[in-house]
Amino acid sequence: MAESDRKRLLERALALREATHSDFFGGRAAPDDADPALLKLIEDTSLRTKLLDARIAEGLQSPKGPQKIASIVRIYPDFDAPARNGVTRRGVKERALTPVPTTQRGLPTVDEMERLIARIREVEADVEHEMSAQLGERVERLKRSLGDLDGPELESTVRELSAALEEKRALASHIRFEAFKRVERDGDFAPRTFLRLLAR
């Protein structure tokens, strides 16, 4: 198939309506590593076949017999969808010849994990700077106020200072948790989808 034809097919595929969680039937679900914008509903069986043959799409769900369920495909903009049933159009079992890339099995490459860990370290450094500064100022302020207080106010401030010092001791786990949250919210950083593989 000519490159121009493949590109036109891809444009048609990307224009399809997006599938939602409710479109999946019988306990099926979207792959963990899939971009929701690339999960599409498709009613045109001819187009579906062309997309699968051109390695633009992978079939995730299709009606069989009288079933009234949605036909769902996953789009691969780089034309690297898994071959249909592992067989090329020449009938050669492709997966027996070429290992399936780890990204097609929902696993990251070494480079992706290195980028993810480097980003976590970078964000952790920013979070540590912010949290340490804020907590340090709070502890110093409470310490300075102790000499001017008495009675219930003194007891309350001592409790607050004790809580702040305990929080300071547990700061490492707070930093890691906040760093993960920030990386997870970064929609422009694709390797964030592999955070599920790392313990916080």
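This text gives an overview of the structure that appears in the document.

The rules behind the values
Residues numbered from 1 in each chain as written. Predicted model: local features only at pLDDT ≥ 70, side-chain atom pairs only at ≥ 80, totals over all residues. Heavy atoms only, no water. Helix = DSSP H or I, 4+ residues; strand = E, 2+ residues; numbered from the N terminus. Buried < 20%, exposed > 50% of the residue type's maximum accessible area, 1.4 Å probe, protein only. Contact = heavy atoms within 4.5 Å. Areas by Shrake-Rupley, 256 points an atom, 1.4 Å probe, with all protein chains shown as cover. Axes fitted to C-alpha atoms, helices over the stretch in contact; angles between N-to-C directions. Parallel < 35°, antiparallel > 145°, perpendicular 65-115°, else oblique. Left-handed = near helix turned anticlockwise from the far one by under 90°. Polar contact = N/O pair within 3.5 Å; in protein donor to acceptor, adjacent residues only side chain to side chain. Core = buried A, V, L, I, M, F, W, Y, C linked by side-chain atoms within 4.5 Å. Phe/Tyr/Trp six-rings, centres within 6.5 Å; stacked < 30°, edge-to-face > 60°. Lys NZ or Arg CZ within 6 Å of the ring centre and 35° of its normal.

1. Some remarks on the overall build of the protein
Scanning the protein for helices and strands turns up six helices and three strands. Ordering the α and β elements of the protein from the N terminus gives α-β-α-β-β-α-α-α-α. Out of the 200 residues in the protein, the part that is buried amounts to 30%. Across the protein, every contact between residues at least 6 apart in sequence was considered, and the portion connecting residues at least 24 apart equals 57%. With the model as given, the accessible surface of the protein reaches about 13,100 Å², and the carbon-plus-sulfur share is 50%.

2. Describing the packing of helix α1 (residues 3-14) against helix α2 (residues 45-53)
Put simply, α1 and α2 touch, their axes get as near as 11 Å, and they point 125° apart. If you check the angle between α1 and α2, you find them oblique. In this structure, α1 crosses over α2, and the sense of that crossing is left-handed. From α1, Leu9, Arg12 and Ala13 reach across to α2, where they touch Leu47, Lys50 and Leu51.

3. Section: the side chain of Ser71
By the element assignment, Ser71 lies in the loop between β2 (57-61) and β3 (72-75). In terms of polar contacts, Ser71 uses its side chain to reach the side chain of Arg48, at 3.0 Å. Excluding anything up to four places from it in sequence, Ser71 contacts Lys40, Leu41, Ile42, Arg48, Gln61, Ser62 and Pro63.

4. Thoughts on the nonpolar core
Counting 18 residues, the largest nonpolar core has Leu116, Ile120, Val123, Ala164, Val183 and Leu195 as its most contacted members. Secondary-structure elements contributing two or more residues to this core are α4 (110-146), α5 (151-169) and α6 (171-184). With eight residues, α4 is the largest single contributor of residues to this core. In this structure, Ile120 is in contact with Ala179, Phe180, Val183, Leu195 and Leu198, ignoring residues within four places of it in sequence. Of all hydrophobic cores here, the second largest spans 15 residues; its members include Ala13, Leu38, Ile42 and Val73.

5. Here we look at the packing of aromatic side chains
Enumeration over the complete set of coordinates arrives at zero aromatic pairs. Over the face of the ring belonging to Phe79 we find Arg6, whose NZ or CZ atom lies 4.3 Å from the ring centre. Over the face of the ring belonging to Phe189 we find Arg119, whose NZ or CZ atom lies 4.1 Å from the ring centre.

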